[in-house]
Amino acid sequence: MLSSTRSASVLPIRSASPDESSWDLIEVQDIDRSQFSLSIYGDPDAQTDSLIDGIREHGILDPLVVAPGRVRGRWEVVSGHRRLACACELGFASVPCVIREFATEAERRSAVLEFNRHRRKSFSQLMREADAIEEIWSTDARDRSLSNLKSRPAKPSRSTDWDFQFDDHPSWSDKVESLARDADRRNSDDRQTQPEPAAASKSRGRGRTDSAIAARIGLGGKDLYRQARAVWKKAQEGDARAIAGVAQLDAETKTIHAAYKDLRRRDQFGRDFRPTPYDVWAFRHDRAFGIPYPGSIPPAVVAHALFYFTTPGALVVDPMAGGGTVVDVAQAMGRRCVASDLDPSRPEIRAHDVRQGFLPEAQGCDLVFCDPPYHSMLARKYHKDGVGSAPLDDWTRFLEQLARDAFAALRPGGYFTLLLASQTEKDLPRGFGYIDHTFLGYRAGTDAGFLPERRISCPMNGNYLPQQVRRARVEGRLLGQVRDLLVMRKPHDHHEPASDIPQPQSAVTGLAERPLLKHQDAAACHPSYTITTCQIGICHIGNRQ
């Protein structure tokens, strides 16, 4: 329905109007959005910030392009969704529109893509465009192939050589469908050189190749497009790391090549893995595993722990999964994984507070990998209800309960690993230069009944700002990078008692001092252990004075 009614309060078009025969005023209430456009470019209501001020002041300078809608008397937007959203927000009664008609749905969709060809788009929008273009071109190629194949062949020159199959013969229909499917295949997916039907060759001339699609969406050459398509395909399949990569591409914080390299590096721990034989694991972060998350750890630390202390098929539990680094490494190395977190970041991670105990699925596991918050060192970046914001006394009691729960969940001979860093920068008790969290973890583990297996140095990268480094040099102060992976084993049976292990005094309780040894003759049984006493219990470390 055409209308010349204009809003009484605002003027929706410029005063210098174009030729009246080239556009019409259509009431806003009679215009529908294109579902195809919404599926490609998203909700236009969230993309009007850059337009609404100009339209409020000058009106709509460029008419919308509309086509007859699915319902008689209604119109569907082909170009101008954001302008229509601004008009609705500003209360315009009608908007200027150019009316166009399209013979097929494919033509209508092609027009939507063409009108948006030069707009600024995110990576996801570009790849949705590519999917749509591929579908349109492939459908067109298939239709033309079927039309050519179903045409009646010419009569043979010799009457004795008749070998004609009628259109309604089953063998003829099967051949038509088979050739149509072949014509519909992407040539970029055919890695071997094969002769192609004439229809497929002709369709490729129209641009049904990676090079043509890449040029059409402005993504560069076919190689870059293939890398983008690989990342996009994994994200569409629900791969959490690929989804995170797409989010970074949309935010322009990562390049397509970097996201593609992350995908390619995923098999580094499952194929020709060469672990270091030393007990110093100084590894760098690798974004191919896990998604961006506060306090993420190098995946090689997890890979080495799984290599040395589990076998393929083992059940690994991560009760504080964070960005899912353990999940991804376990999958790459052929281990099963049960992951949970107070604030899950991925679908594979279940919502669960480890302070309520381990999940039932964790019972009988082979290894528990724990990377708990290093007390308050990153408390502001974690969940507000997490243990990272608790006083040090409560944090120490959390470690003790965690060790007891891990001991109950593990099978005999299973391993409990704690990745802990020394606290050196803040929230230290008066007079203390640092707090050795690994010391606290050792005490919690042995109290729970574990046997110490190994202490492995895993130094942090130390992502300090240049000004922090300069200030530390001026002040003569050391910046903390010490971090250790404490590995403890659950005894196989009662012949491996953990109670005879020499125990250092409780480091942080603020309560009555614990006995140095559970058995007075333990020192004689284990003369190689150096028993260190630590008189920290004099003050309440968890309460700053």
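It should be noted that the structure appears before, not after, this text.
Let me sum up the structure you'll find in this document. Everything numeric here is computed off the predicted structure, so don't read it as measured data.

## Overview of the overall build of the protein
And step 1. Tallying secondary structure elements over the protein gives 17 helices and twelve strands in all.
And step 2. Counting the 545 residues in the protein, one finds 46% classified as buried.
And step 3. Considering only intrachain contacts with a sequence separation of at least 6, the fraction spanning at least 24 residues in the protein is 69%.
And step 4. About 29000 Å² of surface is accessible on the protein, with carbon and sulfur atoms providing 50% of the total.

## Observations regarding the packing of aromatic side chains
And step 1. Scanning the entire structure with this criterion turns up nine aromatic pairs.
And step 2. Considering the side-chain rings of Phe123 and Trp232, the 6.3 Å spacing of their centres and the 75° angle between planes classify their relative orientation as edge-to-face. Here the residue Phe123 occupies a position in helix α5 (residues 123–150), and Trp232 occupies one in helix α9 (residues 222–236), the gap between them amounting to 109 residues. There is no split in this pair, since Phe123 and Trp232 are both buried.
And step 3. For the pair Phe269 and Phe289, a centre-to-centre distance of 5.1 Å together with 35° between the ring planes defines the contact as tilted. Here Phe269 is found in the loop between α11 (256–264) and α12 (299–309), whereas its partner Phe289 is found in the loop between α11 and α12, with 20 residues between them in sequence. Grouping residues by exposure puts Phe269 and Phe289 together as buried.
And step 4. Taken together through their ring pairs, the aromatic side chains of Phe269, Phe273, Trp281, Phe289, Phe307 and Tyr308 make up a single cluster.
And step 5. Over the face of the ring belonging to Phe407 we find Lys490, whose NZ or CZ atom lies 4.9 Å from the ring centre.

## Here we look at the state of the cysteines
And step 1. Across all of its chains, the model carries zero disulfides by this definition.
And step 2. Cysteine Cys365 remains unbridged, with the sulfur of Cys370 as its closest cysteine sulfur at 9.5 Å.
And step 3. What makes Cys365 buried here is its relative accessible area of 0%.

## Concerning the nonpolar core
And step 1. Of all hydrophobic cores here, the largest spans 33 residues; its most connected members are Phe358, Val368, Leu402, Phe416 and Leu418.
And step 2. Looking at this core, the elements with two or more residues in it are β6 (315–318), β9 (365–370), α14 (392–409), β10 (410–421), α15 (437–448) and β12 (483–489).
And step 3. The dominant element in this core, judged by the number of residues it contributes, is α14, at eight residues.
And step 4. With sequence-adjacent residues up to four places away left out, Phe416 is seen in contact with Val368, Cys370, Leu402, Ala403, Ala406, Leu410, Phe450, Leu486, Val487 and Met488.

## Points about the pairing of β6
And step 1. Alternating positions in β6 separate into two faces, Leu315 and Val317 on one and Val316 and Asp318 on the other, with burial throughout.
And step 2. Here β6 pairs with strand β7 (residues 336–341) via four bridges, running parallel. From the neighbouring strand, Val316 faces β7, where its bridge partner is Cys337.
And step 3. With respect to chirality, the unit in which β6 leads through helix α13 (residues 325–332) into the neighbouring parallel β7 is right-handed.

## What about the pattern of salt bridges?
And step 1. Applying the stated criterion to the full structure yields 28 salt bridges.
And step 2. With its nearest N and O atoms 3.4 Å apart, the salt bridge here joins Glu114 to Arg117.
And step 3. Note that Arg411 and Asp366 form a salt bridge whose closest N and O atoms lie 2.5 Å from each other. Of this pair, Arg411 sits in strand β10 while Asp366 sits in strand β9, placing them 45 residues apart in sequence.

## Some details on the sheet that holds strand β1 (residues 24–27)
Neighbouring strands of a sheet are bound in pairs by backbone hydrogen bonds; such pairs are parallel or else antiparallel.
And step 1. Ordered in space as β1-β5-β3-β4-β2, the five strands form an open sheet in which the pairing is mixed. One side of each edge strand has no neighbouring strand; the edge strands of this open sheet are β1 and β2 (31–32).
And step 2. Bridge count for strand β3 (residues 64–68) against strand β5 (residues 94–99) is three bridges, and the pairing is parallel. Pairing of Val66 across the sheet is with Ile99, part of β5.
And step 3. Against the sheet, helix α3 (residues 81–90) makes contact with β2, β3, β4 (75–79) and β5, and its axis sits at roughly 125° relative to β4, the strand it touches most.
And step 4. On top of the sheet, helix α4 (residues 105–115) reaches β3 and β4; it is set at about 45° to β4, its chief contact.

## Here's the deal with the sheet that holds β7
And step 1. Read from one edge to the other, the open sheet built from seven strands follows the order β8-β7-β6-β9-β10-β12-β11, with strand pairing classed as mixed. Sheet topology places β8 (350–351) and β11 (451–457) at the edges, where each strand pairs with a single neighbour.
And step 2. Note that β11 and β12 share six bridges and pair antiparallel. Bridging across to β12, Ile456 finds its partner in Leu485.
And step 3. Together, β6, β9, β10, β11 and β12 form the strand contacts of α12, whose direction differs from that of β9 by roughly 155°.
And step 4. The strands touched by α15 within the sheet are β10, β11 and β12, with β12 carrying the most contacts at an inclination of about 10°.

## Focus: the side chain of Thr276
And step 1. Among the secondary structure elements, Thr276 is positioned in the loop between α11 and α12.
And step 2. A relative accessible area of 17% places Thr276 in the buried class.

## Some thoughts on α14
And step 1. The end-to-end C-alpha distance of α14, which contains 18 residues, comes to 25 Å, matching closely the 26 Å that a straight helix rising 1.5 Å per residue would cover.
And step 2. Taken together, the buried positions of α14 are Leu392, Asp393, Trp395, Thr396, Phe398, Leu399, Glu400, Leu402, Ala403, Asp405, Ala406 and Ala409.
And step 3. Looking at the buried residues of α14, the elements they touch are β9, β10 and α15.

## Thoughts on the packing of helix α8 (residues 210–217) against α9
And step 1. Two numbers describe how α8 lies on α9: the axes approach to 8 Å, and their chain directions differ by 85°. It follows from the interaxial angle that α8 and α9 lie roughly perpendicular. Packed against α8, whose contacting residues are Asp210, Ser211, Ile213, Ala214 and Ile217, the element α9 presents Lys222, Tyr225, Arg226 and Arg229 at the interface.
And step 2. Grouping the amino acids of the contact of α8 with α9 by side-chain chemistry returns four nonpolar, one polar and four charged.

Cut-offs and rules
- Residues numbered from 1 in each chain as written.
- Predicted model: local features only at pLDDT ≥ 70, side-chain atom pairs only at ≥ 80, totals over all residues.
- Heavy atoms only, no water.
- Helix = DSSP H or I, 4+ residues; strand = E, 2+ residues; numbered from the N terminus.
- Buried < 20%, exposed > 50% of the residue type's maximum accessible area, 1.4 Å probe, protein only.
- Contact = heavy atoms within 4.5 Å.
- Areas by Shrake-Rupley, 256 points an atom, 1.4 Å probe, with all protein chains shown as cover.
- Phe/Tyr/Trp six-rings, centres within 6.5 Å; stacked < 30°, edge-to-face > 60°.
- Lys NZ or Arg CZ within 6 Å of the ring centre and 35° of its normal.
- Disulfide = S-S within 2.5 Å.
- Core = buried A, V, L, I, M, F, W, Y, C linked by side-chain atoms within 4.5 Å.
- Pairing = 2+ DSSP bridges.
- Right-handed = clockwise from strand over helix to strand, strands pointing away.
- Salt bridge = Lys/Arg side-chain N within 4 Å of Asp/Glu carboxyl O.
- Axes fitted to C-alpha atoms, helices over the stretch in contact; angles between N-to-C directions.
- Expected span 1.5 Å × (residues − 1).
- Parallel < 35°, antiparallel > 145°, perpendicular 65-115°, else oblique.
- Nonpolar A, V, L, I, M, F, W, Y, C, P; charged D, E, K, R; others polar.

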